[in-house]
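Structure assessment
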Amino acid sequence: MAEISIAERAGYRIVTLDRPEKLNATTAGMLRALRAAFEDAAADRACRAVLLTGAGRGFCAGQDLSAVNTLDPATADLGALVEELYNPLIRLIRAHPLPVVCAVNGIAAGAGANLALACDIVLAARSASFVQAFARIALIPDAGGTWILPRLVGDARARALALLAEKITADQAAEWGMIWRVVEDEALMEEAEKLAAYLAQQPTATLGLIKQALNASSTNGLDAQLALERDLQRKAGQSGDYAEGARAFLEKRAPRFTGRT
Ligand code: T3D
């Protein structure tokens, strides 16, 4: 069973984690389906943004822990699960050519929190919360958490969040720069869809280049980053969308971007 649902909209797709009775805790099937959904979106020329959210009262409670009863610590290899299921998904979202919006509708725990934080623009409902739940069950933050958290909130806060596994509110997450914005619960999906629809009309190929540059900046020195900006700007400048954007500005009209290079 896929355990996600996908809704088509004009120019974008909504991917919904769909196991509400378990707060959308992830299973192997769900993680594989998610990966396929992001790959399909990247391959579809009509799709120019992706919106990820969760069904029900939670966004995602992290890895489904129900299989732990059959776990044999002597032979367990959670590293294999992380390598096969989480790592490719997180890499895919970070490097995705399209902008990925996340609407966090409720609790985002463990890998569920880090799945949300891997997205490009994260909105959260005022009642949502985030918890790096891993240490409570004697695991380390995965799904990119140890990489992305310190970059978003700084080392001191990342350490406390990971070591204490304390839940923080959406307001606190926004104040710390962990997410983009908090919106009232009842307005979350409307705002998130508005954002995805807006992005879907922008020069999306260039937005993909912007993501590429920002991703590289975490490991590049200034010289390497300047060289990358030169190369990516060359690509951006050769896109029809640049010509259209500049022409529209001069003609004092709204641009009509195609999202192609
Ligand atoms: O394979 C590996 O383990 C490696 C990868 C690890 C990645 C990870 O994500 S590790 C972290 C796993 N997640 C957690 O530790 C969080 C566990 N859940 C919670 O702490 C709480 O459920 C929440 C704080 C998220 C929400 O609390 P609350 O009180 O709002 O809801 P609840 O009553 O605890 O949960 C509602 C139902 O969802 C409940 O089922 P039931 O009793 O009504 O049938 C609960 O058991 C289920 N549920 C919630 N989280 C999980 C889960 N079932 C399985 N796995 C879960 N992670």
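Residues numbered from 1 in each chain as written. Predicted model: local features only at pLDDT ≥ 70, side-chain atom pairs only at ≥ 80, totals over all residues. Heavy atoms only, no water.

**Quick notes on the overall build of the chain**
Operational definition: Helix and strand definitions follow DSSP, with helices as H or I runs of at least four residues and strands as E runs of at least two, each counted in order from the N terminus. In this setup the radius of gyration rests on C-alpha atoms only. A globule is expected at 2.2 Å times the number of residues raised to 0.38. We call a residue buried when its accessible area falls under 20% of the maximum for its residue type, exposed when it is over 50%, and partly exposed in between, using a 1.4 Å probe and counting protein chains only. In these tables, accessible area is a Shrake-Rupley quantity obtained with a 1.4 Å probe, and a residue counts as shielded only by the protein chains included in the view. Under this rule, positive means Lys or Arg and negative means Asp or Glu; His and the chain ends count for nothing. Where a charge lies is defined by one atom per residue type, namely NZ (Lys), CZ (Arg), CG (Asp) and CD (Glu).
Of regular secondary structure, the chain possesses 10 helices and 10 strands. Whereas a compact globule of 261 residues would reach a radius of gyration of roughly 18 Å, the chain reaches 19 Å, a difference of no more than 12%. Dimensions along the principal axes, computed over C-alpha positions, put the chain at roughly 65 × 40 × 35 Å. A burial count over the chain gives 48% of its 261 residues as buried. As displayed, the chain has an accessible area near 13,400 Å², and 56% of this comes from carbon and sulfur atoms. Taken as two groups, the 28 positive and 30 negative side-chain charges of the chain have centres that lie 6 Å from each other.

**A look at the domain arrangement of the chain**
Selection criterion: Domain boundaries shown here were taken from an automatic or database domain assignment. Two residues form a contact once any of their heavy atoms are found within 4.5 Å. As used here, buried area is the combined drop in accessible area, with a 1.4 Å probe, of two parts when they are placed together. By convention in these notes, a salt bridge is any Lys or Arg side-chain nitrogen within 4 Å of a carboxyl oxygen on Asp or Glu.
Considered domain by domain, the chain is made up of domain 1 (4–199) and domain 2 (204–250). For domain 1 and domain 2, the distance between their C-alpha centroids amounts to 27 Å. Tallying the contact residues gives 13 residues for domain 1 and 6 residues for domain 2. For the domain 1 and domain 2 pair, buried surface summed over both sides reaches about 700 Å², with 45% attributable to carbon and sulfur atoms. When residues of domain 1 are sorted by the area they lose upon contact with domain 2, Arg48, Arg94 and Pro97 head the list and together hold 42% of the total. One can count 1 salt bridge joining domain 1 with domain 2. Of the charged contacts in the structure, one is a salt bridge between Asp120 and Lys211, with a shortest N-O distance of 2.7 Å.

**Here's the deal with the pattern of salt bridges**
Within the structure shown, the criterion is met by 18 salt bridges. One salt bridge connects Arg9 with Glu193, and the closest N-O pair in it is separated by 2.9 Å. Taken as a pair, Arg9 in strand β1 (residues 4–9) and Glu193 in helix α7 (residues 188–200) lie far apart in primary sequence, 184 residues in all. Residues Glu251 and Arg253 are paired through a salt bridge, measuring 2.7 Å at the closest nitrogen-oxygen approach. When its relative accessible area of 26% is taken as the criterion, Arg253 is described as partly exposed.

**Looking at the site of the ligand**
Which entries qualify depends on this criterion: Whether a residue is near a molecule or strand depends on its heavy atoms: it is near if one of them lies within 4 Å of it. Any pair of N or O atoms that falls within 3.5 Å is considered a polar contact. Within protein, one atom must be able to donate a hydrogen and the other to accept it, and sequence-neighbouring residues count only if both atoms are side-chain atoms. By the convention adopted, Pro, Cys, Tyr, Trp, Phe, Met, Ile, Leu, Val and Ala count as nonpolar, Lys, Arg, Asp and Glu as charged, and the other residues, Gly among them, as polar.
Around the ligand, a shell composed of 21 residues is seen, among which Lys22, Ala61, Gln63, Leu65 and Ala111 lie nearest. Between the ligand and Lys22 there is a distance of 2.8 Å, counted from an oxygen atom to a side-chain nitrogen or oxygen. In the environment of the ligand, an oxygen atom lies 2.9 Å from a nitrogen or oxygen atom belonging to the backbone of Ala111. Contact with the protein chains removes 67% of the 1,000 Å² of surface that the ligand exposes when unbound. Put simply, the parts of the chain that give the shell around the ligand at least two residues each are α2 (78–94) and β6 (107–109). The class makeup of the residues in the shell around the ligand is 13 nonpolar, 3 polar and 5 charged.

**Regarding the sheet that holds strand β4 (residues 58–60)**
We apply this condition: One bridge is not enough; two strands pair if DSSP finds at least two bridges between them.
The 4 strands are arranged β4-β6-β8-β9 in an open sheet whose pairing can be described as mixed. Each edge of the open sheet is held by one strand with a lone partner, namely β4 and β9 (168–169). In this structure, strand β8 (residues 129–131) lies alongside β9, joined through 2 bridges in antiparallel fashion. Paired with Phe130 across the bridge in β9 is Ile168.

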